Amino acid sequence: MTDNQVKIHLLVGIRGLTLLVFYTETDCWQFRFLSLGGAVFGERKIYFTAQAAEQAGRESIYKDFLD
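None of the values given here were measured: they were computed from a predicted structure. (Residues numbered from 1 in each chain as written. Predicted model: local features only at pLDDT ≥ 70, side-chain atom pairs only at ≥ 80, totals over all residues. Heavy atoms only, no water.)

Looking at the pairing of strand β3 (residues 29–34)
Side-chain positions along a regular strand alternate between the two faces of the sheet.
Moving on, step 1. Most of β3 sits out of view: five of its six residues are buried.
Moving on, step 2. The hairpin turn running from strand β2 (residues 17–23) into β3, its antiparallel successor, is five residues long, and Asp27 in that turn takes a positive phi close to 65 degrees.
Moving on, step 3. Relative to strand β4 (residues 40–41), β3 runs antiparallel, the two sharing two bridges. Bridge pairing links Leu34 to Val40 in β4. (Buried < 20%, exposed > 50% of the residue type's maximum accessible area, 1.4 Å probe, protein only. Helix = DSSP H or I, 4+ residues; strand = E, 2+ residues; numbered from the N terminus. Pairing = 2+ DSSP bridges.)

Structure below.
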């Protein structure tokens, strides 16, 4: 990849939030949440596979936002 590019793997809406899983220029996978108002938030942990980042993101949504 060239500078400042990311590869989006997944965009999925879950009860008013959008889960975004992406591949970074530092060769790892991460996830973020997008709110309906346009805010972007989430931890900056890295994952070695897209599936691991997606699973962590889904678990985080249910644990932190939908209890």
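From this point on, the discussion continues.
Focus on the sheet that holds β2
Moving on, step 1. The four strands are arranged β1-β2-β3-β4 in an open sheet whose pairing can be described as antiparallel. Only two strands of the sheet have a single partner each, and these edge strands are β1 (7–14) and β4.
Moving on, step 2. Sheet strands touched by helix α1 (residues 50–65): β1, β2, β3 and β4. Its angle to β3, the strand with the most contacts, is close to 35 degrees. (Contact = heavy atoms within 4.5 Å. Axes fitted to C-alpha atoms, helices over the stretch in contact; angles between N-to-C directions.)

Let's talk about the pattern of salt bridges
Moving on, step 1. Tallied over the entire structure, the rule returns two salt bridges.
Moving on, step 2. Arg58 is the partner of Glu54 in a salt bridge, and the nearest nitrogen-oxygen pair spans 3.0 Å. In this pair, Glu54 and Arg58 both sit in helix α1, four residues apart, roughly one turn of the helix. (Salt bridge = Lys/Arg side-chain N within 4 Å of Asp/Glu carboxyl O.)

Regarding the side chain of Ser60
Moving on, step 1. Note on placement: Ser60 falls in helix α1.
Moving on, step 2. Every residue in contact with Ser60, bar those within four places of it in the chain, is listed here: Phe31, Phe33 and Phe65.

Remarks on the environment of Leu17
Moving on, step 1. Position of Leu17 among the secondary structure elements: in strand β2.
Moving on, step 2. Separated by 40 residues in the primary sequence, Leu17 and Gly57 place their C-alpha atoms 11 Å from one another.

Considering α1
Moving on, step 1. When the terminal C-alpha atoms of α1 are compared, their 22 Å separation across 16 residues agrees well with the 22 Å that a helix rising 1.5 Å per residue should span.
Moving on, step 2. Contacts made by the buried residues of α1 are with β1, β2 and β3. (Expected span 1.5 Å × (residues − 1).)

A short note on the packing of aromatic side chains
Moving on, step 1. According to the stated counting rule, one finds four aromatic pairs in the structure shown.
Moving on, step 2. Centre to centre, the rings of Phe33 and Phe41 are 5.8 Å apart; their planes meet at 45 degrees, and the pair counts as tilted.
Moving on, step 3. Phe33 sits in the buried class, given a relative accessible area of 2%.
Moving on, step 4. The class for Phe41 is partly exposed, based on a relative accessible area of 27%.
Moving on, step 5. Within the aromatic cluster, the residues linked to one another by ring pairs are Phe31, Phe33, Phe41 and Tyr47. (Phe/Tyr/Trp six-rings, centres within 6.5 Å; stacked < 30°, edge-to-face > 60°.)

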